[in-house]
Amino acid sequence: MISSLFGGAMRTSGRGGEGRKYALTSDEDDSDFWGFAHEVQGLFTPLPDEEGARRVHLAGSLPQGGLLKAIDHVGGRRAVAGNAWFELLDGEGVPMGSYFVNEVTVVDVKPSARDSGLVDLTVTLWCDDALPGAEQAWDLLRAGLLTRTGMWHELTPEGRRAWLSVALWSREYRRQGKPDAPAGQVFTLDGRHIVDEDSFYCAMGEAINGPGGYFGWNRDALDDCLCGGWGATPAFTLLWESSAETRTRLVELMPAGDREVTVFDLILEIFEARGVEIILR
């Protein structure tokens, strides 16, 4: 058996430990912990012409549970461990966020150069949510460096979308149970770097929840956030700085009932419907 090469230590449990940045847990059974990995390559790199498909290298891994069983059957049907939650851990081993991954299948396993009790695994899986470019934001969060507003300003459009995805998946970890700001608060939205709709959501998340914050990443999500539970309690006031510049950029026409309005005006209507006072400056 392949698993016998790596010793009984592989069957211990727990996510903690120095340098452990990732962990896997079965989607079907929360008690079925599949182990950790020190480094991961490929999770944020879609395979060509296969939407959602990933080939992921788990370096310095300690397989357990269903994943440990699968490594004995590389090349066969039983190498499919199943669906799982792929967790990203901070320096203390606490999950910062997680991605749901489908059909985790072990395709290669070898002893790791990192430690005699660890292995390097290669698995295939499917994940639509781990966007290219998101890894950099996770690394900033793990290192405690996501502390300044505007760190998304120089990102590409794809990079901003990835930034928003990390803001969403990490929001519970970052807020750590912090209650919403009470109704009646005044928030300032810096419009100078809003060049498209995604950059509006980057700026809006920071206006409400600070650096790397989340407050929607599409119009439906913005409306949901305005119902409470996402950092601010309506009604509140939003001071929109450089709003004239933003108006000239968010000009794409969108259907709204029997009419068309710009993205800028549609966003204003969403705020108004939820009782938010907008002061354009």
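Everything in this summary refers to the structure shown in the same document. (Residues numbered from 1 in each chain as written. Predicted model: local features only at pLDDT ≥ 70, side-chain atom pairs only at ≥ 80, totals over all residues. Heavy atoms only, no water.)

## Details of the sheet that holds strand β4 (residues 80-89)
A barrel is described by the order of its strands in space; here six strands give the closed sequence β1-β2-β3-β6-β5-β4, paired in antiparallel fashion. The sheet shows a mean angle of 50° between the axes of neighbouring strands, direction not considered. Where β4 and strand β5 (residues 95-111) come together, eight bridges link them in antiparallel fashion. The residue of β5 that forms the bridge with E87 is S98. Its contacts with the sheet put helix α2 (residues 134-142) on β1 (22-26), β2 (33-41), β4 and β5, and the angle it makes with β5 is roughly 110°. (Pairing = 2+ DSSP bridges. Helix = DSSP H or I, 4+ residues; strand = E, 2+ residues; numbered from the N terminus. Axes fitted to C-alpha atoms, helices over the stretch in contact; angles between N-to-C directions. Contact = heavy atoms within 4.5 Å.)

## Thoughts on the packing of aromatic side chains
For the coordinates displayed, the defined rule picks out eleven aromatic pairs. Where F187 meets F236, the ring centres are 5.3 Å apart and the plane angle is 85°; that geometry is what we call edge-to-face. Of this pair, F187 sits in strand β7 (residues 186-190) while F236 is found in the loop between α6 (219-225) and β8 (237-241), placing the two residues 49 residues apart along the sequence. Both residues of the pair, F187 and F236, belong to the buried class. Seen from their ring centres, F200 and Y201 are 5.1 Å apart, and the 65° between their planes marks the pair as edge-to-face. (Phe/Tyr/Trp six-rings, centres within 6.5 Å; stacked < 30°, edge-to-face > 60°. Buried < 20%, exposed > 50% of the residue type's maximum accessible area, 1.4 Å probe, protein only.)

## Details of the environment of S61
Note on placement: S61 falls in strand β3 (residues 53-61). When neighbours within four sequence positions are excluded, S61 is seen to be in contact with F36, A37, L118, V119 and L121. Separated by 3.1 Å, the side chain of S61 and the backbone oxygen of F36 make a polar contact. (Polar contact = N/O pair within 3.5 Å; in protein donor to acceptor, adjacent residues only side chain to side chain.)

## Brief notes about a negative patch on the surface
Taken together, the side chains of D27, E28, D29 and D30 present a region of like negative charge at the surface. You can see D30 is positioned in the loop between β1 and β2. (Patch = residues over 30% accessible without salt bridge, like charges linked within 9 Å, V, L, I, M, F, W, Y side chains within 5 Å. Areas by Shrake-Rupley, 256 points an atom, 1.4 Å probe, with all protein chains shown as cover. Salt bridge = Lys/Arg side-chain N within 4 Å of Asp/Glu carboxyl O. Lys, Arg positive; Asp, Glu negative; His and termini not counted. Charge placed at Lys NZ, Arg CZ, Asp CG, Glu CD.)

## Quick word on helix α3 (residues 157-169)
When the terminal C-alpha atoms of α3 are compared, their 19 Å separation across 13 residues agrees well with the 18 Å that a helix rising 1.5 Å per residue should span. Considered for burial, the residues of α3 that qualify are G159, R160, A162, W163, L164, S165, V166, A167 and L168. Taken together, the buried residues of α3 touch α2, α4 (171-175) and α5 (197-209). (Expected span 1.5 Å × (residues − 1).)

## Notes on the state of the cysteines
Tallied over the full model, the rule gives zero disulfides. No disulfide involves C127; its sulfur sits 20 Å from the nearest other cysteine sulfur, which is in C202. What makes C127 buried here is its relative accessible area of 1%. C202 carries a free sulfur, and the closest cysteine sulfur to it, the one in C225, is 13 Å from it. The buried category is assigned to C202, whose relative accessible area is 1%. (Disulfide = S-S within 2.5 Å.)

## Digging into the pairing of strand β9 (residues 253-256)
Remark: a regular strand shows side chains that alternate across the two faces of the sheet. Of the two faces of β9, the one holding M254 and A256 is buried and the one holding L253 and P255 is not buried anywhere. The sheet contact formed by β9 and strand β10 (residues 259-262) spans four bridges and is antiparallel. Across the sheet, the residue bridging to P255 is E260, located in β10. The antiparallel hairpin formed by β9 and β10 contains two residues in its connecting segment, where G257 sits at a positive phi of about 70°.

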